[in-house]
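Below are the chains, spelled out letter by letter.
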Amino acid sequence: MTPPPTPRQDVPHGPHNRQGADFDFDKARAALAGLPGNGLNIAHSAVDRHAEGVRRDHVAIRWIGPTGTPADLTYRQLGESTNRFANVLRQLGVGSGEKVFTLLGRDPAQYITALGTLKLGAMFCPLFSVFGPEPIRSRMLAGEAAVLVTSRRQYERKIAPMRPSLPGLAHVIIADDDRGAPPSTESFWSLLDASSDVCPVAATRPETPALLHFTSGTTGIPKGVIHTHDAVVAHYASAVRALDLGPEDVFWCTADPGWITGTCYGIIAPLVMGATLLADSAEFDAVRWCRLLQDHQVTVWYTSPTAIRMMMRLGDEVIRGHDYRRLRFIASVGEPLNAEAVTWGEQVFGTPLHDNWWQTETGSIMIANQASMQPMPGSMGKPLPGIEAAVVERKRGGGIEILDTPGCRGELALRVGWPSMFQGYLNDRERYERCFAQGWYLSGDMVRRDADGWYWFVGRADDAIKSAGHLIGPTEIERVLLAHPAVADAGVFGVPDPIIHETVKAVVVPKPGTVADEALRRELHAHARRILGPAIAPREIAFRDRLPKTLSGKIMRRLLRAQELGLPQGDLSSLDPNL
Ligand code: WT7
């Protein structure tokens with residue numbers, strides 16, 4: 001085993017909070033200044049500042065490849081390869097503002113593409129590599145992808161067959177090109193080798209668009225959430241306050257860059273900090289993860305409640321049999337973290353879990369069990385400094401009322417103006433504007449705030465499903481089921497699950513004359529998995545002869561869910577009595 005990049009002798013177990021409790025957006029912004037003309041560029045903040053400074057030989061990325069062998073990339077090397085990639089894009093004629101997509105795992109090419117793209121001033125848009133062809137196609141079309149960086153396998157299985165339907169996709173670059181790139185594609189490492197390793201950072205401004213991440217709501221089209229370079233200020237400040245991250249840390253964020261956590265905290269924040277990030281190319285495996293924490297002497301770990309609960313299920317002895325003395329801070333995000341998991345973490349890892357809350361739209365952690373606080377098991381925490389949160393109630397006619405009694409319940413709202421607030425939904429100004437009222441962003445999450453100011457998650461205000469941390473839009477799945485010739489109607493909702501929070505269930509109305517049997521069920525499962533990919537395809541499919549709908553014809557998913565789960569049916573005033 002190669003020695004860890006930065007052995008630390010000096011760090012006490014538990015939160016460290018090096019930068020002090022007063023580290024805020026202004027201090028973060030001042031630390032990141034340095035580009036001429038008050039410019040700001042995420043790649044400059046995350047890479048070039050260090051590549052040209054005292055940390056140039058520090059390990060930026062420790063990548064664990066498919067064979068388990070680690071490979072290290074220093075800040076200087078990362079600076080050079082991202083310069084090369086920015087030059088590659090320029091030579092291909094990609095302009096600033098154009099969108100570079102990835103369909104990759106946690107591979108070196110993912111990190112180089114992300115930061116090289118930002119360096120050029122183009123927009124980075126990572127897609128989740130477990131998506132099936134349809135979610136990939138709809139996102140690339142909506143996002144007008146100019147370039148896609150992907151693997152040979154992904155290209156051959158998913159992209160090549162749909163390429164004629166993506167006329168705007170000018171370049172496909174293959175990242176694992178040892179066998180040469182397939183026809184009509186280019187080869188990542190050959191392009192890199194052939195280009196210069198010198199490249200000035202684009203003169204982007206804080207308000208220049210930088211990141212595009214797709215997320216789901218109740219209605220059909222996935223929402224393309226736009227973030228600007230200014231988000232880096234919030235990534236930096238929140239990583240200090242909510243993750244207790246500092247330059248000497250070995251930081252492991254287990255999220256895939258296809259989800260915003262994997263970009264903002266899996267790539268940007270640890271590099272801005274000058275820390276070492278661990279990138280594991282493989283998928284979840286509890287015992288292997290324990291070994292990674294131990295062997296690479298991870299000091300700060302950011303993971304998900306699903307992963308923690310899967311570890312809990314294995315039994316303490318399996319997890320305990322490793323050395324976690326370096327691990328001093330654990331945080332979790334994406335779905336509710338039950339109080340038992342927080343205390344379990346303390347028992348087996350020697351340090352409690354710190355839950356935090358945010359969304360694709362907020363662009364960085366908003367509410368957290370912060371490094372400076374004793375965590376409150378079961379609560380998502382308190383707003384970070386510089387973030388003003390409120391519990392509100394939407395009024396008929398569009399306004400909101402701010403609730404402030406102890407124990408109040410309502411929708412979580414955030415005062416407009418933090419640096420990583422999203423700047424739009426792609427091509428949907430109206431939907432963006434509907435997220436705001438009276439100077440507040442309305443999150444769509446229902447919460448409770450207790451007398452001491454702790455926030456507790458209650459549920460979502462919409463029908464989106466949270467499964468293993470992934471936000472899934474029911475309509476995207478219903479549409480695919482409806483495309484099957486035997487399906488007349490389909491309704492999709494989340495079923496509570498003790499480990500992954502919710503699983504996806506579909507209720508299907510077969511066409512008249514179709515036999516709703518086991519064979520059809522199997523066929524629909526296969527159909528959904530092929531088109532949507534296993535991560536979002538329904539786990540369970542049931543048949544019914546009609547779906548509950550409103551008078552205006554919308555599926556009442558809440559009622560469908562209540563009926564399927566045997567729960568109280570709630571308000572039925574909008575139900576169409578003829579159905
Ligand atoms: C939704 C956002 C996770 C950040 C990036 C991905 C749910 C998030 C928590 C938490 C309970 C949580 C909310 C939120 N969520 N964190 N600590 N406790 N629920 O964000 O895919 O846009 O999902 O995840 O419902 O709105 P996303």
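Look above for the structure.
Keep in mind that what you see is a predicted model, and the values were worked out from it rather than measured.

A word on unusual backbone geometry
Then comes step 1: A positive phi is found at Asn 38, a non-glycine position, where the angle reads about 60°.
Then comes step 2: Inspection of the secondary structure assignment puts Asn 38 in the loop between α1 (25–32) and α2 (42–51).
Then comes step 3: With phi around 65°, Ser 184 is a residue other than glycine that occupies positive phi space.
Then comes step 4: With respect to the helices, strands and loops of the structure, Ser 184 is situated in the loop between β6 (171–174) and β7 (186–187).
Then comes step 5: Classification of Ser 184 by relative accessible area gives exposed; the value is 59%.

Quick word on the pattern of salt bridges
Then comes step 1: Inspection of every chain in the model, using the stated rule, returns 37 salt bridges.
Then comes step 2: Note that Arg 29 is salt-bridged to Asp 230, the shortest N-O span being 2.6 Å. With Arg 29 in helix α1 and Asp 230 in the loop between β9 (223–228) and α8 (231–243), the pair connects residues that are 201 residues apart, well separated along the chain.
Then comes step 3: Look at Asp 230 and you get buried, because its relative accessible area is 13%.
Then comes step 4: Among the salt bridges present, the one from Arg 434 reaches Glu 430, with a minimum N-O distance of 3.4 Å. With respect to class, Arg 434 is no different from Glu 430; both count as exposed.

Quick look at the sheet that holds strand β16 (residues 382–383)
Then comes step 1: Overall, mixed pairing links the nine strands, which are arranged β2-β1-β11-β10-β12-β13-β14-β15-β16 in an open sheet. Where the open sheet ends on each side, the last strands, each with one partner, are β2 (70–74) and β16.
Then comes step 2: Helix α11 (residues 305–314) rests against β12 (300–303), β13 (329–333) and β14 (353–357) of the sheet, and its axis sits at about 100° to β12.

Concerning the sheet that holds strand β26 (residues 487–497)
Then comes step 1: Taking strand neighbours across the sheet as the criterion, the three strands line up as β26-β27-β28 in an open arrangement whose pairing is mixed. The open sheet is flanked by β26 and β28 (540–543), the only strands paired with a single partner. Between one strand and the next, the sheet's axes are offset by a mean angle of 25°, whatever the strand orientation.
Then comes step 2: The sheet contact formed by β26 and strand β27 (residues 501–510) spans ten bridges and is antiparallel. Across the sheet, Val 492 pairs through a bridge with Ala 506, a residue of β27.
Then comes step 3: Helix α15 (residues 474–482) contacts β26 and β27 of the sheet and is inclined by roughly 140° relative to β26.

Considering the packing of aromatic side chains
Then comes step 1: One pass over the structure, following the stated rule, counts 23 aromatic pairs.
Then comes step 2: Between the aromatic rings of Phe 128 and Phe 131, the centroid separation amounts to 5.7 Å while the plane-to-plane angle is 85°, which identifies the pairing as edge-to-face.
Then comes step 3: The exposure class assigned to Phe 128 is buried, which follows from its relative accessible area of 7%.
Then comes step 4: Residue class for Phe 131 comes out buried when judged on its relative accessible area of 6%.
Then comes step 5: Aromatic side chains Phe 128 and Trp 259 sit 4.8 Å apart centroid to centroid with 55° between the ring planes, which places their arrangement in the tilted category. One end of the pair, Phe 128, is in the loop between β4 (123–127) and α5 (133–142); the other, Trp 259, is in the loop between β10 (250–253) and α9 (260–273), and 131 residues separate them in sequence. Comparing Phe 128 with Trp 259, the two get one shared label, buried.
Then comes step 6: Each residue in the set Trp 252, Phe 284, Trp 289, Trp 301, Tyr 324, Trp 344 and Phe 349 is aromatic and connected to the rest through ring pairs, giving one cluster.
Then comes step 7: The positively charged end of Lys 382 is found above the aromatic ring belonging to Trp 454, 4.7 Å away from the centroid.

What counts and what doesn't
Residues numbered from 1 in each chain as written. Predicted model: local features only at pLDDT ≥ 70, side-chain atom pairs only at ≥ 80, totals over all residues. Heavy atoms only, no water. Helix = DSSP H or I, 4+ residues; strand = E, 2+ residues; numbered from the N terminus. Buried < 20%, exposed > 50% of the residue type's maximum accessible area, 1.4 Å probe, protein only. Salt bridge = Lys/Arg side-chain N within 4 Å of Asp/Glu carboxyl O. Pairing = 2+ DSSP bridges. Contact = heavy atoms within 4.5 Å. Axes fitted to C-alpha atoms, helices over the stretch in contact; angles between N-to-C directions. Phe/Tyr/Trp six-rings, centres within 6.5 Å; stacked < 30°, edge-to-face > 60°. Lys NZ or Arg CZ within 6 Å of the ring centre and 35° of its normal.

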